[in-house]
Amino acid sequence: MKKINIIFKSKTHKIESVGVKSVNSYLLNITRGEFKLRMTQVERIAIRQLAMSDAIVYDFMDLLSDIEIVPLDQPEVIDGINYCSKLGAFTKVRASEILGNG
Amino acid sequence: MSNVINGGGGFYKLAPDLNRISEQKVTGDAYKEIDNIDARGALTTVINLSGKWLLTTAFIYGAGNQVVTLKVTVDNIVIINDTFTVQNFRTGIVGVQGSMTNQISDTYLYCDSNILIEFQTATDDSVLFQYNARPIA
């Protein structure tokens, strides 16, 4: 038996499917400014401080500085945020929120 | 003899679908999408709409050049139950989509309680479904 996912649900209406709801591609691409605003000031400062001593964080920051639009589903972006989380810039939950859709 | 005419439809009154625009696959294009439908081996639920609905777009993509089965049930009545070979990776069930203005099938499907679309492929484990469904009050 294949698992059924709920795609839409209200008090009176429901949509179910074996598939998964597709993410609007518009929500996966945000500006660099919007991306920074997803972090608190404390988190942004923590990342900058890490960049001074960690080559991977520096490289991630350098990458971000070169792009206008941040693709949230890009492996380099996901890895970069998760790496900063691993080093203590923010929690795993916050990393998930920063990378979240929309 | 009475000249009273019963019936006459009027417009449908839409029920809430509050995130309708942001959930469209591409903002501005009036369809949503369901991905990663593994329809191999047995009839698989592509979409199951419960409640009153108006389905104005329904296209299944994938499963090119293979024999598939499509079953559509509206309010417990099977209206399509067909086995055929898919060409061009696209099976149009309802509506017209995007630039593919030659893809015309039924105008829309309406249900009082349920629309169920099931699909079975021979080998395709990642069919996608593009649709436009409006909840009716």
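### Here we look at helix α3 (residues 55-65) of chain A
Residues and elements named next belong to chain A.
Consideration 1: All of the buried residues in α3 are V57, F60 and L64. Buried residues in α3, looked at end-on, bunch into an arc of 60°, giving them a common side. Along α3, exposed side chains directed more than 90 degrees from the buried face belong to A55 and Y58.
Consideration 2: Between the side-chain oxygen of the N-cap and the backbone nitrogen of I56 there are 2.9 Å, and the N-cap of α3 in question is D54.

### A few points about the interface of chain A and chain B
Consideration 1: With 20 residues of chain A in contact, the opposing surface of chain B contributes 32 residues.
Consideration 2: Between chain A and chain B, a total of about 1800 Å² is buried, with carbon and sulfur atoms accounting for 50% of that surface.
Consideration 3: On the surface where chain A and chain B come into contact, there are 0 salt bridges.
Consideration 4: In this structure, the connection of chain A to chain B is made through 12 residue pairs in polar contact (both at pLDDT 80 or more).
Consideration 5: Here the residues of the side of chain A that touches chain B sort into 9 nonpolar, 7 polar and 4 charged.

### Here we look at the pattern of salt bridges
Consideration 1: Taken as a whole and judged by the stated rule, the model has 6 salt bridges over all chains.
Consideration 2: The partner of E43 of chain A in a salt bridge is R94 of chain A, and the shortest N-O contact between them spans 2.7 Å. Within this pair, whereas E43 of chain A is found in helix α2 (residues 41-51), its partner R94 of chain A is found in helix α5 (residues 92-99), the two being separated by 51 residues in sequence.
Consideration 3: E43 of chain A gets classed as buried once you look at its relative accessible area, which sits at 7%.
Consideration 4: One salt bridge connects R40 of chain B with D38 of chain B, and the closest N-O pair in it is separated by 2.9 Å.
Consideration 5: Linked through salt bridges whose partners overlap, the residues forming this network are E43, R94 and E97 of chain A.

### Brief notes about the nonpolar core
Consideration 1: L55, I60, I117, F119, F129 and Y131 of chain B are the most contacted members of the largest nonpolar core, which totals 30 residues.
Consideration 2: Apart from residues lying up to four places away in sequence, L55 of chain B is in contact with L49, V94, Y108, L109, I115, I117, Y131, N132 and A133 of chain B.
Consideration 3: Core analysis: the next-biggest nonpolar cluster, separate from the first, contains 20 residues, I30, L64, V70 and L72 of chain A among them.

### Points about the confidence of the model for chain B
Residue and element names in this part refer to chain B.
Consideration 1: For chain B, per-residue confidence averages 83 on the pLDDT scale, and 80% of positions sit at 70 or higher.
Consideration 2: Across residues 1-7, confidence stays below pLDDT 50; counting only partners more than four residues off in sequence or on other chains, it has 0 contacts.
Consideration 3: As scored by the predictor, the complex reaches a pTM of 0.65 and an ipTM of 0.83.

### Structural notes on the side chain of N5 of chain A
Residues and elements named next belong to chain A.
Consideration 1: By the secondary structure assignment, N5 is in strand β1 (residues 5-9).
Consideration 2: Among the polar contacts listed, one links the side chain of N5 to the side chain of K3, at a separation of 3.5 Å.
Consideration 3: The contacts of N5, once residues within four sequence positions are left out, are I15, E16, S17, V18, G19 and V20.

### Some details on the packing of α2 of chain A against α3 of chain A
Residues and elements named next belong to chain A.
Consideration 1: At a minimum axis separation of 7 Å, α2 and α3 run at an interaxial angle of 120°. It follows that α2 is oblique to α3 by the angle criterion. Of the residues in α3, those in contact with I47, R48, L50 and A51 of α2 are V57, Y58 and M61.
Consideration 2: Considering only residue class, the contact of α2 with α3 consists of 6 nonpolar, no polar and 1 charged.

### Observations concerning the environment of Q24 of chain B
All names here are of chain B.
Consideration 1: Along the chain, Q24 falls in the segment before β1 (32-37).
Consideration 2: Given a relative accessible area of 5%, Q24 falls into the buried group.
Consideration 3: Sequence spacing of Q24 and Y131 is 107 residues, and the spatial spacing of their C-alpha atoms is 9.5 Å.

### Looking at the sheet that holds strand β2 (residues 44-50) of chain B
Consideration 1: Taken together, 6 strands build an open sheet; the order of strands is β1(A)-β2(A)-β2(B)-β8(B)-β4(B)-β5(B) and the sheet is antiparallel. Edge strands, defined here as strands with exactly one partner in the open sheet, are β1 of chain A together with β5 (77-85) of chain B. Between one strand axis and the next, the sheet turns by 10° as a mean value, whatever way the strands run.
Consideration 2: Bridge analysis of strand β2 (residues 14-17) of chain A against β2 of chain B gives 3 bridges, and the strand direction is antiparallel. Of the residues in β2 of chain B, the one forming a bridge with I15 of chain A is L49 of chain B.

Conventions adopted
- Residues numbered from 1 in each chain as written.
- Chains lettered and ligands numbered in written order.
- Predicted model: local features only at pLDDT ≥ 70, side-chain atom pairs only at ≥ 80, totals over all residues.
- Heavy atoms only, no water.
- Buried < 20%, exposed > 50% of the residue type's maximum accessible area, 1.4 Å probe, protein only.
- Helix = DSSP H or I, 4+ residues; strand = E, 2+ residues; numbered from the N terminus.
- Arc of directions from axis to C-beta.
- Polar contact = N/O pair within 3.5 Å; in protein donor to acceptor, adjacent residues only side chain to side chain.
- Contact = heavy atoms within 4.5 Å.
- Buried area = accessible area lost by both parts, 1.4 Å probe.
- Salt bridge = Lys/Arg side-chain N within 4 Å of Asp/Glu carboxyl O.
- Nonpolar A, V, L, I, M, F, W, Y, C, P; charged D, E, K, R; others polar.
- Core = buried A, V, L, I, M, F, W, Y, C linked by side-chain atoms within 4.5 Å.
- pLDDT = per-residue confidence, 0-100.
- Axes fitted to C-alpha atoms, helices over the stretch in contact; angles between N-to-C directions.
- Parallel < 35°, antiparallel > 145°, perpendicular 65-115°, else oblique.
- Pairing = 2+ DSSP bridges.

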